[in-house]
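Structural description and commentary
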Amino acid sequence: MIDFKKEIAGLIAGAVPELTAQEIEDIIEVPQDTKMGDYAFPCFRLAKVLRKAPPMIAAGIAEAIKDAPLFSKVEQVNAYVNMFISREEMIRDTVTEILKEGADFGKTNVGGGRKVIVEYSSPNIAKPFHIGHIRSTVIGNSLHLIFKALGYDVFRINHLGDYGTQFGKMICAYRHWGNKEDVIREPIKTLLSYYTKFHVEVETHPELDDEARAIFARLEAGEKEEVELWQWFREESLKEFKRVYDMLEIEFDSYNGESFYSDKMPRIEQELEDKGLMKESQGAMVVDLEDEGLGVALIKKSDGSSLYITRDIAAAVYRKETYDFYKNIYVVASQQTLHFQQLFKIIEKMGYDWADGCVHVPFGLVRLEEGTMSTRHGRVVFLEDVLNGAVEKTKEIIMEKNPEAGDVDRIAREVGIGAVIFNELSNNRIKDYTFKWEQVLNFDGETGPYVQYTHARCASVLRKAGDEAVAKASAENLAGLDFSKVASDAAYDLVKELYAFPEAVVQAGERLEPSLVTRQIIDIAQSFNKFYHDEHIIVEDEEEKTAKLALVIAAKTAIANGLALLGVHAPDRM
């Protein structure tokens, strides 16, 4: 597509040689009020250089560029040059590009094949996969899809929480109150009940804590019985996790969790010691980051057991040596911000110049209406229950409103699960929120089902038009399209939103913020629905009908591509 900002900057540069085209491009604005044009150039900065009043400068620039075929109108308003792009030019260029690109519209090669690792989801084994895990899971998956669309080589890691002192507690609880049959029948819920009971019993029997620590020490030492129980818990947990991942259609390239790095930690500890970074403190080994304002990072406890940060240093070094990443991205809750600041600073102090390629993507917490979730107290909402609930509610709505939709089960699954994912990705990721069933499953307003329904509406229009009419409006017949027939306000507003889509994808990657894509396809859907209500699309005039159908195809394509970047389906019928 034409880069209108760049084209405008080139035209203005001809009239203002005192600034480079790039400097001019950086100053150009997009007015919020469309009455002020599609683009505006403020002239305040030129006042000192040209020793003229800004309105006078604006008038001179407007006069110099007004006859360029790019514009339908150029006007000076106070210190601004307001520019109106030729509607036919923008509509032709944008729709033509989308029809040519199809499923590739919005993709670029800014990544140039560089390796990006995205670590996300990462639940703890033997604990419930609850609603709190959905944020890391779907934000990380969307970032992987966005980076892939931007031309990066993406590697997806599910860094399972499959190590640590909690497994001493879990094994201890199983030995006291568990049985194999219950675990096999319902692994996670059963293990959760044991874990919850442990934290109740330890209040009156503190010796259980000592027993759990001893069990974990045996696990770290590789004792056969403890290792076998731990492996069994891990395998049973993964079966349940994968059932949820299948529902979300999310996959990973690696499930290497914390345990994978256990044998890689001695090297890291030795390196920290050799480089004079680690010292003893009350029997424990630490890295002092007080001078950096990051406190003290605990590397090894006084009893010799390992900690998260040690394993994370080992993991980062392993990833660099194995994959030679450009970026190593961790999608982990904002609670862990200090942890990642310490981690990246230690890696830097170890002399690894790739430390700045490690990035923490924080996100806000999910709370329940009755308070913060707690696996210790059994206060959780299982993610699988949320997804199943969304599918059931969607099926009820479809059966009530459109029982003839066909393949209701598939549509209910795509729309219901899509609603949950879209809800998670519709707001800035850093915001905390309270989980409410009625909010997650609300299909009115700026929601996933609204955007999916708009896609289905586009598909319905094309079905009604018929194959022959649609073929005339396709990429193969672009030369015959007369876009002067589709230049109404509603059509032009829709095209401007379509034009903005590729930049929204780039910005989402740069800012690690999938909600920018979500926002853009909501805007496209709203603009399409206004166009749909304001215009007759299937009209008698063949040229007008063909041009309008081309715009419908373009809108349908952009919405489908945007939903795909979120990990959401775009059904043709609802």
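**Here's the deal with helix α14 (residues 337-349)**
Helix length check: α14 (13 residues) gives 18 Å between terminal C-alpha atoms against 18 Å at 1.5 Å per residue, within 8%. When we look at burial in α14, the residues that qualify are H339, F340, Q342, L343, F344, K345, I346 and I347. Looking at the buried side of α14, the elements it contacts are α12 (265-274), β7 (284-288), β8 (296-300), α13 (308-323), β9 (327-331) and β10 (358-361). Backbone geometry just after α14 places G351 at a positive phi near 95 degrees.

**A word on the side chain of E513**
Along the chain, the position of E513 falls in the loop between α20 (489-511) and α21 (515-534). A distance of 2.8 Å separates the side chain of E513 from the side chain of S515, its partner in a polar contact. Not counting residues up to four positions away in its chain, the partners in contact with E513 are L143, N427, N428, R429 and A508.

**Structural notes on the packing of aromatic side chains**
Aromatic rings in a pair are described by how distant their centres are and how their planes are angled relative to each other. Evaluation of the coordinates by the stated rule reveals 28 aromatic pairs. Look at Y330 and F344: their rings are 5.8 Å apart centre to centre, the planes differ by 40 degrees, and that puts the pair in the tilted class. With Y330 in strand β9 and F344 in helix α14, the pair connects residues that are 14 residues apart, well separated along the chain. Judged by its relative accessible area of 2%, Y330 falls in the buried class.

**Some details on the pattern of salt bridges**
Using the criterion set out here, one finds 47 salt bridges in the structure. One salt bridge in this structure joins D324 and K320, with 3.0 Å as the shortest N-O distance. Classification of D324 by relative accessible area gives exposed; the value is 54%. Residues E542 and K545 are paired through a salt bridge, measuring 3.3 Å at the closest nitrogen-oxygen approach. In this pair, E542 and K545 both sit in helix α22 (residues 542-566), 3 residues apart, roughly one turn of the helix.

**Re the pairing of strand β2 (residues 71-77)**
Here β2 runs beside strand β3 (residues 80-85); their pairing, made up of 6 bridges, is antiparallel. Across the sheet, K73 pairs through a bridge with F84, a residue of β3. Between β2 and β3, which pair antiparallel in sequence order, lie 2 residues; one of them, N78, sits at a positive phi of approximately 55 degrees.

**A closer look at the packing of α20 against α22**
The geometry of α20 relative to α22 is characterised by a closest axis approach of 11 Å and an angle of 30 degrees between their N-to-C directions. In terms of their interaxial angle, α20 and α22 are classed as roughly parallel. Here α20 runs over α22; the crossing is left-handed. Side by side, α20 and α22 meet where A491, L494, V495, L498, F501 and V505 of the first sit next to L551, A554, A555, A558, N561, G562 and L565 of the second. Residue composition of the contact of α20 with α22, grouped by class: 11 nonpolar, 2 polar and no charged.

**Things to note about the sheet that holds strand β6 (residues 278-281)**
With antiparallel pairing, the 3 strands of this open sheet are ordered in space as β6-β7-β8. Of all strands in the sheet, those bounded by a partner on one side alone are β6 and β8. If you compare each strand with its neighbour and ignore which way they point, the axes differ by 45 degrees on average. Inspection of the sheet shows β6 paired to β7 by 4 bridges, in the antiparallel sense. If you follow S281 over to β7, its bridge partner there is A284.

**With respect to the nonpolar core**
Ranked by internal contacts, the top residues of the largest apolar core, which has 157 residues, are F41, I61, V81, M83 and F531. In terms of residue count, α22 provides more of this core than any other element does, 13 residues in total. Discounting residues that sit within four places of it in the chain, F41 has contacts with I12, I24, I27, I28, L46, I61, A79, Y80, V81 and M83. In this structure, I268, A315, Y323 and Y352 belong to the second largest nonpolar core, which totals 33 residues.

**Quick word on unusual backbone geometry**
With the exception of glycine, most residues fall at negative phi, and the peptide bonds are largely trans. Residues other than glycine seldom take positive phi values, yet R51 does so here, at roughly 55 degrees. Summarising the element assignment, R51 is placed in the loop between α3 (46-50) and α4 (54-65). Phi is positive for N78, which is not a glycine, with a value near 55 degrees. Looking at the element boundaries, N78 is found in the loop between β2 and β3.

**Focus: the sheet that holds strand β5 (residues 153-157)**
One open sheet holds the 4 strands; their spatial order is β5-β4-β9-β10, and the pairing between them is parallel. Edge positions in the sheet fall to β5 and β10, since each of these pairs with one other strand and no more. The average angle at which neighbouring strand axes cross in this sheet is 20 degrees, direction not considered. Sheet analysis places strand β4 (residues 115-119) next to β5, joined by 5 bridges and oriented parallel. Within β5, the residue paired with E119 across the bridge is I157. Along the sheet face, helix α6 (residues 134-149) touches β4, β5, β9 and β10 and points at about 155 degrees away from the line of β9. The strands that α14 touches are β9 and β10; relative to β10, the one it contacts most, it runs at about 175 degrees.

**Topic: helix α1 (residues 4-15)**
Helix length check: α1 (12 residues) gives 17 Å between terminal C-alpha atoms against 16 Å at 1.5 Å per residue, within 8%. Burial in α1 covers these residues: F4, I8, A9, I12 and A13. Within α1, the buried residues cover an arc of 165 degrees as seen down the axis, which keeps them to one side.

About the cut-offs
Residues numbered from 1 in each chain as written. Predicted model: local features only at pLDDT ≥ 70, side-chain atom pairs only at ≥ 80, totals over all residues. Heavy atoms only, no water. Helix = DSSP H or I, 4+ residues; strand = E, 2+ residues; numbered from the N terminus. Expected span 1.5 Å × (residues − 1). Buried < 20%, exposed > 50% of the residue type's maximum accessible area, 1.4 Å probe, protein only. Contact = heavy atoms within 4.5 Å. Polar contact = N/O pair within 3.5 Å; in protein donor to acceptor, adjacent residues only side chain to side chain. Phe/Tyr/Trp six-rings, centres within 6.5 Å; stacked < 30°, edge-to-face > 60°. Salt bridge = Lys/Arg side-chain N within 4 Å of Asp/Glu carboxyl O. Pairing = 2+ DSSP bridges. Axes fitted to C-alpha atoms, helices over the stretch in contact; angles between N-to-C directions. Parallel < 35°, antiparallel > 145°, perpendicular 65-115°, else oblique. Left-handed = near helix turned anticlockwise from the far one by under 90°. Nonpolar A, V, L, I, M, F, W, Y, C, P; charged D, E, K, R; others polar. Core = buried A, V, L, I, M, F, W, Y, C linked by side-chain atoms within 4.5 Å. Arc of directions from axis to C-beta.

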